[in-house]
Amino acid sequence: MKKQILLLILLATVFGCSYLQAQSYAKVPYFCDFEDSVENANWNTPFAAYTTPYHDDKWRIGTYVYYSGTQSMYVSYNGGATNLTGTSNFDGFDRYNRVWAYREFNIDTLYPQYNISFKHRGYEHCTAFFGPPDNSPFNSVLSSTISTPEGAIRLSSSQSLPQDSVWMEHGYTFSVDTPGIYRLYFSWYTVNNNGRPGASIDDISITGVYCLPPNILTSTNITDSSATLSWQHDCV
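Caption draft 1: A look at the pattern of salt bridges. On inspection of all chains with the given rule, the structure shows three salt bridges. Between K27 and D108 there is a salt bridge, with the nearest N and O atoms lying 2.4 Å from each other. Within this pair, whereas K27 is found in the loop between helix 1 (2-22) and strand 1 (30-32), its partner D108 is found in the loop between strand 4 (96-107) and strand 5 (113-122), the two being separated by 81 residues in sequence. K27 gets classed as partly exposed once you look at its relative accessible area, which sits at 40%.

Below is the structure:
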């Protein structure tokens, strides 16, 4: 009986720790270069739906391509062995597929603004979002349009990031109005990619901006040699 109780306690401990690790939320400031196996395990890559079962494109963390260190996160059809993607136009018809990766954050301290930057390279359509948890895009009908998670903002000035075979750095500023759990999403989709390299992401950085630039500048008591200046500011 004692052995059974001990076994139950050990199982509860193991599964409890596993659950807690799966629910580990990141904090700001945040940096990820995909070199830490513990942090890498907190990235989620939901099962993707395809119009065909003939390839297995998915976000992977591996060593095939990287900007710094020896690893990055990239789309691969062969489990991360390469950064190549499956041939989708195998029968002459348009074939779409979309894959997602996300990291969850606990935003418990609000800053006036947040800065995010990351390195990206690759072909086809990669987009970054930041917003509340929403799983509906993972099962959406596949098409040539990009599904935006509900309540999320797109972290790019256009529908998708520029396509290039060299690494490019992207930086954006965004705001969060309410404390809570949020996700940083990366979405990639292709139509008839025909085996070209998919997207790759590395060196993600998110920081809070303590003070915004001064605004509403006013001047009073102006003389030939002096003046009184005042302005408004928003600082944490």
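Caption draft 2: The nonpolar core, seen in detail. In terms of nonpolar packing, the biggest core is built from 33 residues, with W43, W59, F130, L184 and F186 touching the most fellow members. Counting only elements with at least two residues in this core, the list comes to strand 1, strand 3 (72-76), strand 4, strand 5, strand 6 (125-131), strand 8 (164-174), strand 9 (180-191) and strand 10 (200-209). Once residues within four sequence positions are removed from consideration, F130 is found in contact with F105, I107, A152, I153, L155, F174, V176, Y182, R183, L184 and I206. By size, the runner-up hydrophobic cluster in this structure holds six residues, among which are Y102, F129, F138 and Y185.

Caption draft 3: Region of interest: unusual backbone geometry. Here the bond from V28 into P29 is cis, since omega is 10 degrees, no more than 30 degrees from zero. Following the sequence through the fold, P29 ends up in the loop between helix 1 and strand 1. Unlike most non-glycine residues, D203 shows phi in positive territory, near 50 degrees. As for its placement among the helices and strands, D203 is situated in strand 10. Classification of D203 as buried rests on a relative accessible area of 9%. Phi angles above zero are rare outside glycine, and N221 is one such case at about 50 degrees. You can see N221 is positioned in the loop between strand 11 (215-220) and strand 12 (228-232).

Caption draft 4: Main features of the pairing of strand 5. For strand 5, the tally of buried residues reaches eight of ten residues, placing the bulk of the element in the interior. Pairing of strand 5 with strand 8 involves eight bridges; the strand directions are antiparallel. Bridge assignment links Y114 to a residue of strand 8, and that residue is F174.

Caption draft 5: Here's a closer look at the side chain of K119. With respect to the element layout, K119 can be found in strand 5. With sequence-adjacent residues up to four places away left out, K119 is seen in contact with Y67, W167, M168, E169, S200, I201, D202 and D203.

Rules of the game
- Residues numbered from 1 in each chain as written.
- Predicted model: local features only at pLDDT ≥ 70, side-chain atom pairs only at ≥ 80, totals over all residues.
- Heavy atoms only, no water.
- Salt bridge = Lys/Arg side-chain N within 4 Å of Asp/Glu carboxyl O.
- Helix = DSSP H or I, 4+ residues; strand = E, 2+ residues; numbered from the N terminus.
- Buried < 20%, exposed > 50% of the residue type's maximum accessible area, 1.4 Å probe, protein only.
- Core = buried A, V, L, I, M, F, W, Y, C linked by side-chain atoms within 4.5 Å.
- Contact = heavy atoms within 4.5 Å.
- Pairing = 2+ DSSP bridges.

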